[in-house]
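# Breakdown of the fold
Chain residues, written in single-letter form:
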Amino acid sequence: MTMGAKILVIDDEVEIRRLLKVGLTAHGYDFIEAANGKDGIVQAATLRPDIVVLDMGLPDLEGLSVVSEIREWSQVPIIILSVRGQEQDKVKALDLGADDYLTKPFSMSELMARIRVALRHQGNIKDEPVIQIGELFADLSRRQVKMTGNEVHLTPIEYDLLKILLTNAGKVVTHGYLLTSIWGGDSQEYSQYLRIYISHLRKKIELDPNQPRIILTEPGVGYRLAVV
Amino acid sequence: MTDYWAYDVEADFETSEEKTDHKIPWWEKKTWSVVFSLIMVVLVTMLGKRYGDYLGVTNMGMLYLLPVVFASARLGVTPSAIIALVSVVSFDIFFVPPVFRLTVNDVRYLITFAVFMVVAFTTGNIADHLRFRMREALHRETRTRALYHLARGLSAVTDMDLLARKVVDHVSQTTATEVALYLPETDSLKIAAASRAFSDLVLGPTDLAAAEWAFKNSQHSGVGTDAFPGAKGFYLPVQTEARTLGVLGVKPTRQLFSPEQTDLLEALTGLAALAILRLQLAAEAQAIKALEESERLRSALFNSISHEMKTPLASILGAVSSLVDDEDLYNEEQKSTLLTSIKQGALRMNRVVGNLLDMARLESGYIRLHTDWCDIQDIIGVTLRENRDILHEHRIKVSIPDNISLIKVDYALIEQVLTNLLHNAVKYSPGGSEIELSVQEATSELNVSIADQGPGVDASDEERIFDKFYRLQSPGNISGTGLGLSICRGIIEAHRGSIWAKNRPGGGLLVNFTLPVDNDMAIGFGDHYQGVDN
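The structure displayed is predicted, hence computed values, not measured ones. Here, residues in each chain are numbered from 1, in the same order as that chain's written sequence. Following the order in which they are written, the chains are lettered starting with A and the ligands numbered starting with 1. Local features are withheld for residues below a pLDDT of 70 in this predicted model, meaning they are given only at 70 or higher, and side-chain atom pairs are given and counted only at 80 or more; totals for whole chains, interfaces and linings count all residues.

This part takes up the overall build of chain B. Starting at the N terminus, helices and strands are each numbered in turn, a helix being any DSSP run of H or I of at least four residues and a strand any DSSP run of E of at least two. Each helix and strand counted, chain B has 16 helices and twelve strands in total. Residue burial is a threshold on neighbouring C-beta atoms within 10 Å of the residue's own C-beta, all placed from the backbone, with 20 or more meaning buried, 12 or fewer meaning exposed, and counts in between meaning partly exposed. A total of 534 residues make up chain B; the buried ones form 33% of that total. Residues are defined as contacting one another if the C-beta atoms placed from their backbone atoms lie within 7 Å. For chain B, the proportion of contacts with a sequence separation of at least 24, taken over those separated by at least 6, is 64%.

Below you can see the structure in the form of structure tokens.
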């Protein structure tokens, strides 16, 4: 849809940049690259990309400081690339304003999906009141949720949770964001309630709560509403 | 071997205050016995003067035998001969006619005198001999007791420092001397333990040199020997037949050691040598065992890594080179097959690397649990989604009761456990068979079990499959690092849970693990739900 969007890849690995260049240009995107954090920040400032893809393991600047520096003057969507076991860093980067993340190794299609979601949210089209995801239908203007055509009764908190996930569909939503949005704090107690409400919500809208397809867990980070 | 020629009356380690007194002559030491014998002679004489007429000369002669027998029993040959002479002279002068003269009228009295002397000599000799035997027995007993106590004290010691301490304390106590034990450290002798005053009394360059010399030459040195006689201490090599293990330094309280004392010291050092050797051999055996073990683990690691990495690498390289070199030969379907095998190979390598990293983290003790409240159903859901590529050939049956307690665990690590267990279930059971994943809640823990319909394992393997690099021998050609289950155990134990495997009655393997539920902290699903929502 947004063909020709400019994507800046900041990664010190030549191989990864080469791979992403092939993949992104093949999907019709403009590809810009930077091999370190400093260059990346300069490129982001001068070339004004539509999306930044940032590797967390940069040699010169930490990925986190690149995120916070870019966020000082730009709202460009930032997608973090990290390795397994860096959950704390991911959460920090998301708290600093990064939009999403991908864990290495990832597939090209996963990256494309993230980029599409980021571009869509950047377009500020979230005020669309009616959302259809697979069997799930939600009309936010009428506070109505339907599953395979049948109306689902949600408690107020369940509804609020689902609404936040729906308006961020496809994007990761951190525990911290959900907790502060709904309870206004992220205490241990609320953290448990969040798990419990998600579990209840799944029982109401998932076909098989043991293998959820709609509300996906991002281990250690938060939840993501699947965009089928 | 023991020569007691110089064994002196009071010279014994037991009575250490009086030892090494060879030079003191008998008349000084036994003055009191001599004086008492002489008093007896005087008493007998006075008794005779009073009742002599009634007793008769012959009986008087008998009475004079008493001091002689007493002296010979107490004093030995020479002094008793002197007492005998005094008795004979007194008898002669005071009772044998002519009285108050040394001369004898009746020559038959000479026989009496001779008998006196013979009794004195014979009794003295026998007494000497008995005394000698007694001392010998006493010495043996002392020696045996000293050795026995040392042996008993050292038998249970497993630490070299403690052993050195005990040897020094014991030898020091037994011999009432200052003692130090030198043991070789890198290339010089170091004092491993010493009695309190040893260092103050002895340590100097000469003594160190004497100790070194005794160690190198396996001979006595120091005071009283030819080697370093100027040293203050006496040095004995602590040796077994094969090697010298150290040196025992002893500072005599007085001048020199008697041969018996040296002998006892040698016996004690011999015992110490055996104990030290025992410890050294045990330590060596331990080190060799540890080395073999780490060698075994290392080669197992290399074997499994090289195999586990090379297999997928081979398939990736094969497929890639086909596509690069002969792209035109393949139709779309064949190309897609090659690409799929590349993807599978890469995913497999990714899993191996992940497992190796987990193992390294567990091994280094560095594993830090990032615990948070988790819903086990959620973890299972994510695990099934993440592994859908490998699970699609099996039927997965999940049963989780409603309203199960939340657990405080490291999400990613528990996911890793479930992943490894599911991989095993898939690997060892036929495609199309069922894998059952179920959760039960007990009072203070969750019990998670994964059951497959594969061949199971030998009963003897139920425990061993959790060992690092342990791989089942039986089912042919199923590859793996042998790390998966040992990682599971490491993770579960880090969570204070337990994990075990057993064969199912109907066939297949059942792996169980438990995770503690923190009842005090956890909010039940039912309890507060409605209340909070309003």
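Our focus in this paragraph is the interface of chain A and chain B. Listed per partner, the contact involves 20 residues of chain A and 26 residues of chain B. For the side of chain A that touches chain B, the elements supplying multiple residues, two or more each, are helix H6 (156-167) and helix H8 (188-205) of chain A. Counting residues per element, the side of chain A that touches chain B draws most heavily on H8(A), at seven residues. Each residue gets one label: Ala, Val, Leu, Ile, Met, Phe, Trp, Tyr, Cys and Pro are nonpolar, Asp, Glu, Lys and Arg are charged, and the others, such as Gly, are polar. Here the residues of the side of chain A that touches chain B are counted per class, giving eight nonpolar, eight polar and four charged.

Residue and element names in this part refer to chain A. By the convention used here, strands pair only if DSSP detects at least 2 bridges between them. Ordered in space as E6-E7-E8-E9, the four strands form an open sheet in which the pairing is antiparallel. Looking at the sheet topology across the chains shown, the edges are occupied by strand E6 (130-133) and strand E9 (150-151). Here strand E8 (residues 144-147) runs beside E9; their pairing, made up of two bridges, is antiparallel. Counted as the bridge partner of Met147 is Asn150 from E9.

Residue and element names in this part refer to chain A. Taken together, the three strands give an open sheet; going across it, the order is E10-E12-E11, and neighbouring strands pair in antiparallel fashion. Of all the strands in the sheet, the pair left with one neighbour each is strand E10 (172-174) and strand E11 (215-218). On average, each strand axis in the sheet is tilted by 30 degrees relative to the strand beside it, whichever way the strands run. The sheet contact formed by E10 and strand E12 (residues 222-225) spans three bridges and is antiparallel. Across the sheet, residue Thr174 finds its bridge partner in E12, namely Gly222. Axes here mean lines fitted to C-alpha atoms, for a helix over just the part in contact, with angles spanning 0 to 180 degrees between N-to-C directions.

With that settled, the discussion passes to the packing of H6(A) against helix H7 (residues 175-182) of chain A. Residues and elements named next belong to chain A. Running from N to C, H6 and H7 cross one another at 135 degrees; their axes reach a closest spacing of 11 Å. What the angle tells us is that H6 and H7 run oblique. By crossing handedness, the relation of H6 to H7 is classed as right-handed. Residue-level contacts link Ile157, Asp160, Leu161 and Ile164 of H6 to Leu178, Ser181 and Ile182 of H7. Working definition: roughly parallel below 35 degrees, roughly antiparallel above 145 degrees, roughly perpendicular at 65 to 115 degrees, and oblique for all remaining angles. Crossing handedness: left-handed means the near helix sits turned counterclockwise from the far one by under a right angle, and right-handed means the same turn made clockwise.

All names here are of chain B. Direction vectors running N to C along helix H3 (residues 57-75) and helix H5 (residues 109-155) enclose 25 degrees, while the axes themselves pass 8 Å from each other. On the basis of the axis angle, H3 is roughly parallel to H5. Classified by chirality, the crossing of H5 by H3 is right-handed. Mapping the contact onto sequence places Gly61, Leu65, Val68, Val69, Ser72 and Ala73 in H3 and Thr112, Phe116, Val119, Ala120, Thr123, Gly124 and Ala127 in H5.

The next point concerns the confidence of the model for chain B. All names here are of chain B. The predictor reports its confidence for every residue as pLDDT, a score running from 0 up to 100. Looking at chain B, pLDDT values average 81 and 87% of them are 70 or higher. This model gives residues 1-23 a pLDDT under 50, and the stretch forms 35 contacts once residues within four places in sequence are excluded. Quick note on the complex model: pTM equals 0.60, ipTM equals 0.84.

Our next topic: the environment of A:Lys90. All names here are of chain A. With respect to the secondary-structure elements, Lys90 resides in helix H4 (residues 87-95). Measuring from C-alpha to C-alpha, the distance between Lys90 and Gly63 comes to 9.9 Å, with 27 residues separating the pair along the chain. Excluding residues that lie within four positions of it along the chain, Lys90 makes contacts with Ile80, Ser82, Tyr101 and Val221.

Right, let's talk about helix H15 (residues 484-494) of chain B for a bit. Side chains of residues three or four places apart in an α-helix project in the same direction, reflecting 3.6 residues per turn. Residue and element names in this part refer to chain B. In terms of burial, H15 is largely enclosed, as nine of its eleven residues are buried. Residues of H15 that are buried include every one of Gly484, Leu485, Ser486, Ile487, Cys488, Arg489, Gly490, Ile491 and Ile492, and no others. Those residues of H15 that are buried are in contact with helix H10 (332-363), helix H13 (411-428), strand E11 (499-503) and strand E12 (509-516). At the C-terminal side of H15, Arg496 shows a positive phi close to 60 degrees.

Residue and element names in this part refer to chain B. The element strand E1 (residues 178-185) is extensively covered by neighbouring structure, given that six of its eight residues are classed as buried. Sheet analysis places E1 next to strand E5 (residues 244-251), joined by five bridges and oriented antiparallel. Looking at the pairing, Ala180 lines up with Gly249 of E5. Relative to strand E2 (residues 188-194), E1 runs antiparallel, the two sharing six bridges. Of the residues in E2, the one forming a bridge with Leu183 is Lys190.

Attention now moves to the nonpolar core. Residue and element names in this part refer to chain A. As used throughout, a nonpolar core is a set of buried Ala, Val, Leu, Ile, Met, Phe, Trp, Tyr and Cys residues joined through C-beta atoms within 7 Å of each other. Membership of the largest hydrophobic core comes to 56 residues, with the highest contact counts inside it found for Ile7, Val52, Val53, Leu54 and Ile80. For this core, the leading source of residues is H8, giving seven residues. Not counting the four nearest positions on each side in its chain, Val53 is found in contact with Ile7, Val9, Leu20, Ile79 and Leu81.

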